[in-house]
Amino acid sequence: MAVKSAAEGELLNRFWPRYRRVTMTRAVLAQLTVCVAIVAIVLTLYPDLPLDAWALVVVMSAASLALTVIITLLAMRPLKDLSSALVHIAGEPTGLTPPNLNDGFYMRSRLRPLLKQIYDLAMSQGSSPRSDEKSGAPYANIAAQLNHTATGIVMLDSNGQIIYANQSAPVLIDGNGKKSLELIFDVDQNITEWVAERGEHDVHAEKVWRRIANKLTGEPDRRLFDVYVSYDKGSEAETIITLFDNTNQYQPEDDDLDFIAFAAHELRGPITVIRGYLDSLNDELAAITTGDQKELFQRLIVSANRLSGYVNNILNASRFDRRHLKIHIGEQNVANIYATIADDMQLRASAQQRLLSVNIPANLPNIAADLNSMTEVFGNLIDNAIKYSNDGGSIEVIAAVNGNFVDVSVTDHGIGMPSNVIGNLFHKFYRSHRSRETVAGTGIGLYISKAIVESNGGKISVKSVEGRGSTFIVSLPIYATVADKLKALGNNNQDFIERSSDGWIKNHGAFRG
Amino acid sequence: MAIKTILIIEDDRFIGEMYVRSLKNAGYDVDWMVDGNDGLIAARNRPYDLMLLDVMLPERRGSEILQILRGGVDDLIPGTKVVVLTNFDQTEEARNNMEKHADGYLIKAEITPKKLLAIIEKLGASA
């Protein structure tokens, strides 16, 4: 059934009260006019009428007036019921009780088939009339009952507009009465984008988002949902969203993250000292240490560097989740970005007997990226490649132009992954099948890497064959292709990121081209 | 102007000693102050070529010191370069405020003495 505009809905609702008022006024006025005329005629013909005869005239007039009202109401009742049934199946909110088919009146007056026809029409179009609770029909007053569940339910029409939301659903209503979902999506597609894509490809589809918050960390009334969305092309409620409130389960993890951010600051002090003293000692003792001892020094330095990287990952993830991660995009050179971590990466590879080869052509165009955060992404990917490959294995870092992007790929020939784990790979705290037992890590490196790459206007993807190894590809826009858009955003593009504190990644895609 | 004299304002003893040691070994003339007040006084008493400034300091924060020295009408330390060295995760605003008046802003955990020496050399060469 076509959804009506608010104005149309109001007209539906207005018909009956207005019609009743007008008709009743006419009937009463007509009756009064007749009464007054009779009195005038009687007065003219019999000026000396006795008092009891006058009383009779008044009583008769009153009785006929009352009868007129009763008969008019009775005569209009089918019209009232038909119109209230129509308003009802149109889904408009109304003060009228929808007609109950089992009412004896409808049997007697033979109105029942007409009402039933209206309800049947509505049913055949896939809409359930919100019938009177007392009728006991299975679809009785569903909308009202759904307000009693803690599960949020939202229905969207084909334009993505909210046509129904129960009380538990996180919905915002703006000044114009327009409703929107109050949900903050981080790295994944949001519902609107997903639905738009479905419209082009699918007739029926479903997707689940987990751990989606309605407010930022620290804001009051923050809730965390698992969001199930089903899409059915062409139906009245094309998209149905079910939101399970799992705040109790997720909230403690969130609090942990804030605590971690604090702890990370404290950790940096000792890391500074360890890295600094190792750096000095390694140089100063170079002349007297044996080959064996040199290797121990290398391992110490590699471990301290890794520790520092993990602390940065945790801090960045915490910032990202609180929408405090700031990205300063400018013109950068892939070789320069890599140069800042080259020594560290070579050291890490050689300390674990991996061969790290790097091929970044000198004539590669500059990219638009944030230097600091991108070095962390490359550090994470290479560190993973080292962790998930075998002694003596080779790791290749290759940069190449791909359309308007520069692709930087990191390939290892290690344990790889089956395809079913790839979808979860970039989720927070996700650790792949074997990594739980064999390799230490926080499971946060890929999560934050994806967040950073997408914040930079890039993409991250992975190809992997179990037992053969994996390739992670980071695609970043060539600076020349986005320079105009970046400049249009102002020299100080960090303002642009800060301004859009929710969904800033999406806004960021504005210059994606 | 090559950098010769350096003032370090740093309250962590291990970190302070680490910087002092490597900078002295590299031939720099180094003074080290542990709290913010002493650091501010030292900075005003002697025209250093470079000041390494921590943020979380007792008595006076690094941000306050920088504001006093550089935030007014006159730059009170015109001949001094300032590098902020911190492990503290400042808000973007606070960080921007400091970066505006500084020649460098570094995370201590990312900077080994060797890297610091390279950065100081570069700063001196660019002057």
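Everything here concerns the structure above.
Predicted model, so just to flag it, every value in this text is computed and none were measured. (Residues numbered from 1 in each chain as written. Chains lettered and ligands numbered in written order. Predicted model: local features only at pLDDT ≥ 70, side-chain atom pairs only at ≥ 80, totals over all residues.)

## Some points on the interface of chain B and chain A
Next up, step 1: Taken together, the contact pairs 15 residues of chain B with 16 residues of chain A.
Next up, step 2: Of all the elements in the fold, those that place two or more residues in the side of chain B that touches chain A are α1 (13-25) and α5 (113-126) of chain B.
Next up, step 3: A per-element tally of the side of chain B that touches chain A places α1(B) first, with four residues. (Contact = placed C-beta atoms within 7 Å. Helix = DSSP H or I, 4+ residues; strand = E, 2+ residues; numbered from the N terminus.)

## Quick look at the pairing of strand β7 (residues 239-245) of chain A
All names here are of chain A.
Next up, step 1: Bridging between strand β1 (residues 152-156) and β7 involves five bridges; their strand directions are antiparallel. Pairing of Val154 across the sheet is with Ile241, part of β7.
Next up, step 2: Direction of pairing for strand β6 (residues 224-232) relative to β7: antiparallel, over a ladder of seven bridges. Bridge pairing in β7 links Tyr231 to Thr239.
Next up, step 3: Where β6 hands over to β7, the hairpin turn is made up of six residues, of which Gly234 adopts a positive phi near 90°. (Pairing = 2+ DSSP bridges.)

## Remarks on the nonpolar core
Next up, step 1: The biggest cluster of nonpolar side chains holds 53 residues, and the ones touching the most others in it are A:Phe378, A:Ile382 and A:Val474.
Next up, step 2: No other element matches helix α8 (residues 291-321) of chain A, which puts eight residues into this core.
Next up, step 3: Contact partners of A:Val474, with chain neighbours within four places excluded, come to A:Val377, A:Val408, A:Val453, A:Gly458 and A:Ile460.
Next up, step 4: Among the nonpolar cores identified, the runner-up in size contains 31 residues, and B:Ile8, B:Ile15, B:Met98 and B:Ile120 belong to it. (Core = buried A, V, L, I, M, F, W, Y, C linked by C-beta atoms within 7 Å. Buried ≥ 20, exposed ≤ 12 C-beta atoms within 10 Å, placed from the backbone.)

## As for helix α13 (residues 445-455) of chain A
All names here are of chain A.
Next up, step 1: With respect to burial, α13 is a largely interior element, eleven of its eleven residues being buried.
Next up, step 2: What α13 keeps buried is the set Gly445, Leu446, Tyr447, Ile448, Ser449, Lys450, Ala451, Ile452, Val453, Glu454 and Ser455.
Next up, step 3: Taken from the residues just after α13, Gly457 is the one with a positive phi, measuring 80°.

## Notes on the sheet that holds strand β5 (residues 204-213) of chain A
Whenever strands of a sheet pair, they do so through backbone hydrogen bonds, lying parallel or antiparallel.
Residues and elements named next belong to chain A.
Next up, step 1: Spatially, the five strands line up as an open sheet ordered β2-β1-β7-β6-β5, and their pairing is antiparallel. Taken across any chain shown, the strands that pair with only one partner, and hence form the sheet edges, are β2 (162-165) and β5. Mean inter-strand twist for the sheet, computed between neighbouring axes without regard to direction, equals 15°.
Next up, step 2: Its contacts with the sheet place helix α6 (residues 191-201) against β5, β6 and β7, and it is angled at close to 15° to β6. (Axes fitted to C-alpha atoms, helices over the stretch in contact; angles between N-to-C directions.)

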